[in-house]
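Coordinates in review
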Amino acid sequence: MNDHSLQTRLLHSDYKFDPHNGAVSVPIQQASTFHQQDFDNPGIYDYSRSGNPTRKALEDTIAGLESGSHGFAFASGMAAISTAFMLLSKGDHVVITQDVYGGTFRMIRDVLVRFGIDHTFVDMTDLHEVATAIQSNTKLLYIETPSNPTLEITDIRAVAKLAKANDCWTFVDNTFMTPALQRPLELGADLVLHSATKFIAGHSDVVAGLAATHDEDIAKQLGFLQNSFGSILGAHDCWLVLRGLKTLHCRMTQSSASAVKIAEKLSVHPLVEHVYYPGFRFHPGSSTQTYQAQGSGAVLSFRLRDEEAVRQFTKHVEIPVYAVSLGAVESILSYPARMSHASMPKEEREKRGITDGLLRLSVGLENPEDLLNDFHQALEKLEPQAFLQTGG
């Protein structure tokens, strides 16, 4: 199957049907434990924390889609990220994307430091800054690209080469792109991570995390940690993610096409101060995005004047869900300052361009014209106040 396109492999894998009865859906194996015929020769499975047939189907699937040899399914995206960080030891140092997801920022700043693991936040788009931040004890370069929520683009291949030259690992959070648009392992990364809650599952009905690698040592260590911590994904949730994966390509294609149209229209609206979207040629890192990914994705951010403008806009907008999360069939509008990055101090947010006027939009499967009309009517309701404040 590996000679077929990813679009086809999403539907036709080693798990396309049950070999026992021909069912074209992976069976949900709810068993917590498994009968052993002989304690001298135990079976493949013994206890579902250590392994489960439904989970294995998902883990093998994400490994294949990401061009890896080993996959892992966790109880959430943060469970996957946190377990990956546990590959580090006391005295190690991490160089990490500065405008990383708020949960990752919290894990780095408030948790890992308690275990003697140090870190440096850098602008990963600046290779000189990355190289300068590497220390003798640096073990990991951690990338999020596009970054959340300002959509900055990191050159994965260049950073991975830098990491290898300094005997470091490269981990990449690939949540925004998914393997449908970007495959970091093919670009030299050692481990790829996902909040599968988002685009991979795609329906706002499951919380899940995934990881994939082609490094045998990382796989062995990560498997040990997954079993030790027990932060596994349950069988039914594994099935939901597998079901969502079947439509990943068409969802990403449609949502990305709509995101381009919406980003373009918002960028010329007089009340929108700035639009962050890697599909724009003038977006920093646009050329890098073009060579390392097969599209610009379905997430964009835009900046209004201030918090009050955001408050009024979200009060009047009707179609998108106003909520935490992204990557669903329905469009989701989020306010990073109070949602995804609320754990980040205000001064740290502002350093990263996460202002009180910034909104993040994950474009769903609605007609983009309907979304644009909705946004325009909500923005129009801001105009009288805007004129008052500017004296117009």
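Residues numbered from 1 in each chain as written. Predicted model: local features only at pLDDT ≥ 70, side-chain atom pairs only at ≥ 80, totals over all residues. Heavy atoms only, no water.

This part takes up the overall build of the protein. Within the protein one finds 15 helices and 12 strands. Taking the principal axes of its C-alpha atoms as reference, the protein extends roughly 85 × 50 × 35 Å. The proportion of buried residues among the 392 residues of the protein is 53%. When contacts within the protein are restricted to residue pairs at least 6 apart in sequence, long-range pairs at least 24 apart make up 72% of them. Working note: accessible area of the protein is about 16,900 Å², and carbon and sulfur atoms make up 52% of it. Between the averaged position of the 33 positive side-chain charges in the protein and that of its 45 negative side-chain charges there is a distance of 2 Å. (Helix = DSSP H or I, 4+ residues; strand = E, 2+ residues; numbered from the N terminus. Buried < 20%, exposed > 50% of the residue type's maximum accessible area, 1.4 Å probe, protein only. Contact = heavy atoms within 4.5 Å. Areas by Shrake-Rupley, 256 points an atom, 1.4 Å probe, with all protein chains shown as cover. Lys, Arg positive; Asp, Glu negative; His and termini not counted. Charge placed at Lys NZ, Arg CZ, Asp CG, Glu CD.)

With that settled, consider the packing of aromatic side chains. By the definition in use, this model includes nine aromatic pairs. Between Trp-169 and Phe-171, the aromatic rings sit 5.8 Å apart at their centres with planes inclined by 15°, giving stacked as the arrangement. An aromatic cluster is defined as three or more aromatic residues linked by ring pairs; in this entry it consists of Tyr-277, Phe-280 and Phe-282. Here the guanidinium or amino end of Lys-139 rests over the ring plane of Trp-169, the centre of that ring lying 4.7 Å away. (Phe/Tyr/Trp six-rings, centres within 6.5 Å; stacked < 30°, edge-to-face > 60°. Lys NZ or Arg CZ within 6 Å of the ring centre and 35° of its normal.)

This part covers the UniProt feature "modified residue: N6-(pyridoxal phosphate)lysine" (unreviewed entry) in the protein. Sites flagged by UniProt as "modified residue: N6-(pyridoxal phosphate)lysine" (unreviewed entry) map to Lys-198. Structurally, Lys-198 is set in the loop between strand E6 (191-195) and strand E7 (209-213). Setting aside chain neighbours within four positions, we find Lys-198 in contact with Thr-175, Ser-325, Leu-326 and Gly-327. (UniProt positions renumbered as here; feature names shortened; annotations may be inferred.)

Relative to each other, helix H2 (residues 53-65) and helix H9 (residues 235-245) sit at 35°, their axes nearing to 8 Å. Our pair here, H2 against H9, has a crossing hand that is left-handed. Note on element contacts: H9 touches H2 through Ala-235, Cys-238, Trp-239, Val-241, Leu-242 and Leu-245, opposite Thr-54, Arg-55, Ala-57, Leu-58, Thr-61 and Leu-65. When the residues that make up the contact of H2 with H9 are grouped by side-chain class, the tally is nine nonpolar, two polar and one charged. (Axes fitted to C-alpha atoms, helices over the stretch in contact; angles between N-to-C directions. Left-handed = near helix turned anticlockwise from the far one by under 90°. Nonpolar A, V, L, I, M, F, W, Y, C, P; charged D, E, K, R; others polar.)

The next thing to look at is the sheet that holds strand E5 (residues 169-173). Strand order in the open sheet made by the seven strands is E1-E7-E6-E5-E4-E2-E3, with mixed pairing throughout. If you trace the sheet from one side to the other, it starts and ends with strand E1 (70-74) and strand E3 (118-122), each paired once. Put simply, the sheet's adjacent strands are angled 20° from each other on average, direction ignored. Pairing analysis gives five bridges linking strand E2 (residues 93-97) to E3, with the strands arranged parallel. When the sheet's bridge partners are listed, His-93 is paired in E3 with Asp-118. Here helix H4 (residues 102-111) sits on the sheet in contact with E2, E3 and strand E4 (138-144), set at roughly 140° to E3. (Pairing = 2+ DSSP bridges.)

A few words now on helix H8 (residues 216-229). For H8, which comprises 14 residues, the first-to-last C-alpha distance of 20 Å matches the rise-based estimate of 20 Å (1.5 Å per residue) to within 8%. Along H8, the positions that sit buried rather than exposed are Ile-218, Ala-219, Leu-222, Leu-225 and Gln-226. The buried residues of H8 occupy one face: seen down the axis, they fall within an arc of 135°. The outward face of H8, more than 90 degrees from its buried face, is lined by the exposed residues Glu-216, Lys-220 and Phe-224. Packing partners of the buried residues in H8 comprise H2, E1, helix H3 (77-85), E5, E6 and E7. The residue sitting at the N-terminus of H8 and contributing the capping side-chain oxygen is Asp-215; that oxygen lies 2.9 Å from the backbone nitrogen of Asp-217. A positive phi of about 75° marks Gly-230, the residue just after H8. (Expected span 1.5 Å × (residues − 1). Arc of directions from axis to C-beta. Polar contact = N/O pair within 3.5 Å; in protein donor to acceptor, adjacent residues only side chain to side chain.)

Partitioning the protein into structural domains gives domain 1 (6-243) and domain 2 (248-381). The C-alpha-based centres of domain 1 and domain 2 are spaced at 26 Å. Across the boundary between the two partners, domain 1 contributes 40 residues, which contact 43 residues of domain 2. Across the domain 1 to domain 2 interface the summed buried area is about 3,300 Å²; carbon plus sulfur atoms make up 63%. The largest per-residue losses of area from domain 1 upon contact with domain 2 belong to Ile-153, Leu-181 and Phe-199, which jointly make up 21% of the total buried on that side. For the interface between domain 1 and domain 2, the tally reads zero salt bridges. (Domains from an automatic or database assignment. Buried area = accessible area lost by both parts, 1.4 Å probe. Salt bridge = Lys/Arg side-chain N within 4 Å of Asp/Glu carboxyl O.)

As a further point, take the pairing of E4. Judged by how many residues are buried, E4 sits mostly within the fold: six of seven residues are covered. The sheet contact formed by E2 and E4 spans four bridges and is parallel. Counterpart to Ile-96 in the pairing with E4 is Tyr-142. The parallel pair E4 and E5, bridged by helix H6 (residues 156-165), forms a crossover whose chirality is right-handed. (Right-handed = clockwise from strand over helix to strand, strands pointing away.)

A word on the nonpolar core. By size, the foremost hydrophobic cluster in this structure holds 65 residues, and its most contacted members are Leu-58, Phe-85, Tyr-142, Phe-171, Leu-193 and Val-241. If you tally residues by element for this core, the top one is H9, at six residues. When sequence neighbours within four positions are dropped, the list of residues in contact with Phe-171 reads Ala-84, Leu-87, Leu-140, Leu-141, Tyr-142, Ile-143, Leu-191, Leu-193 and Ile-218. If you look at the next biggest cluster of nonpolar residues, it comprises 27 residues, including Phe-313, Leu-359, Leu-372 and Ala-378. (Core = buried A, V, L, I, M, F, W, Y, C linked by side-chain atoms within 4.5 Å.)

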